[in-house]
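What follows is the residue order along each chain.
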Amino acid sequence: MTGITIDITAEPFVFPARPAELALIVIDMQRDFAEPGGFGASLGNDVSRITKIVPDVKRLIQGFRDAGLPVIHTMECHRPDLSDLPPAKRNRGNPSLKIGDLGPMGRVLITGEPGTAILPELAPIAGEIVIEKPGKGAFYATELGDLLKERGITQLVFAGVTTEVCVQTTMREANDRGYECLLAEEATESYFPEFKAAAIAMIRAQGAIVGWTAHVDDILEGLAHA
Ligand code: TIU
């Protein structure tokens, strides 16, 4: 497999995928962002938008698994003693339920609580990396960078939520670290459709200043040749 390059149809131009160096990273597909009673809802958002992308995220994950390529999952969450939660983050936006408070799905965004879990349809399988992250970006205060380096991964396909918050933050972190990043359009969502559209446009503007964007079908078509 080493050395092969597969052209994936993308914007603003073809993404030259190198399967030996490629991984999928699925950002924060957690109950807390997708179900009533969780963190996303406590911020006043309509969370029903998030569940609609589950089938597209699922088939993208399956495409990577079928091709034998790594799938990495992230979860936004904090320690039970809140020692990794800055007060500025806990208090921001004055949510009806703050991070760490007890809600209908357990303590909001706390490691191990039911609401913090990844949606069952998208759950990691044995051997897949799961990154627990206290920030919006997945590189901040996590082992992600070291794990990618150990595995020789230089290209990342992104899925997950929300497009303009944790997905875009992580893409920007990765881009600055030298990774080539491709966002799967139907496999990401925002609580605000206009923010999703703007994030996609700004990522691929100026000759892919942050990265590429592509349709799930085109990514899967490329993986079929990997
Ligand atoms: N509120 C919002 O849009 N997003 C987050 O708080 N976290 C993630 O994007 N995962």
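Placed above this text is the structure.
Residues numbered from 1 in each chain as written. Predicted model: local features only at pLDDT ≥ 70, side-chain atom pairs only at ≥ 80, totals over all residues. Heavy atoms only, no water.

Draft legend 1. How the structure looks around the environment of Phe13. Secondary-structure assignment places Phe13 in the loop between strand 1 (6-8) and strand 2 (15-17). Apart from residues lying up to four places away in sequence, Phe13 is in contact with Gly207, Ala208 and Trp212. (Helix = DSSP H or I, 4+ residues; strand = E, 2+ residues; numbered from the N terminus. Contact = heavy atoms within 4.5 Å.)

Draft legend 2. Representation of the site of the ligand. Near the ligand the following residues occur: Asp28, Phe33, Phe39, Leu43, Glu76, Lys136, Val161, Thr162, Val165, Cys166 and Tyr191. Val161 is positioned with one of its backbone polar atoms (N or O) 3.2 Å from a nitrogen atom of the ligand. In the complex, the protein chains occlude 93% of the 280 Å² of accessible area that the ligand would expose alone. (Near = heavy atom within 4 Å. Polar contact = N/O pair within 3.5 Å; in protein donor to acceptor, adjacent residues only side chain to side chain. Areas by Shrake-Rupley, 256 points an atom, 1.4 Å probe, with all protein chains shown as cover.)

Draft legend 3. Fine view of the sheet that holds strand 7 (residues 129-133). Pairing is parallel in the open sheet, where 6 strands are placed in the order 7-4-3-8-9-10. With one partner strand each, in any of the chains shown, strand 7 and strand 10 (212-214) form the two edges of the open sheet. In this sheet, adjacent strand axes meet at a mean angle of 25 degrees when their direction is disregarded. By the bridge criterion, 6 bridges tie strand 3 (residues 22-27) to strand 8 (residues 155-161) in an arrangement that is parallel. (Pairing = 2+ DSSP bridges. Axes fitted to C-alpha atoms, helices over the stretch in contact; angles between N-to-C directions.)

Draft legend 4. View of the environment of Ile27. Relative to the assigned elements, Ile27 resides in strand 3. Excluding anything up to four places from it in sequence, Ile27 contacts Thr74, Lys133, Phe158, Ala159, Gly160, Val161, Cys166, Val167 and Thr170.

Draft legend 5. Just the packing of helix 4 (residues 54-66) against helix 9 (residues 216-223), in detail. The interhelical angle for the contact between helix 4 and helix 9, taken along N-to-C directions, is 10 degrees, at an axis separation of 10 Å. Comparing the axis directions of helix 4 and helix 9 gives the class roughly parallel. Helix 4 and helix 9 meet at a crossing whose hand is left-handed. For the pair formed by helix 4 and helix 9, the contact residues are Asp56, Arg59, Leu60, Gly63 and Phe64 on the first element and Val216, Asp217, Ile219, Leu220 and Leu223 on the second. Looking at the contact of helix 4 with helix 9 residue by residue, the class counts come to 6 nonpolar, 1 polar and 3 charged. (Parallel < 35°, antiparallel > 145°, perpendicular 65-115°, else oblique. Left-handed = near helix turned anticlockwise from the far one by under 90°. Nonpolar A, V, L, I, M, F, W, Y, C, P; charged D, E, K, R; others polar.)

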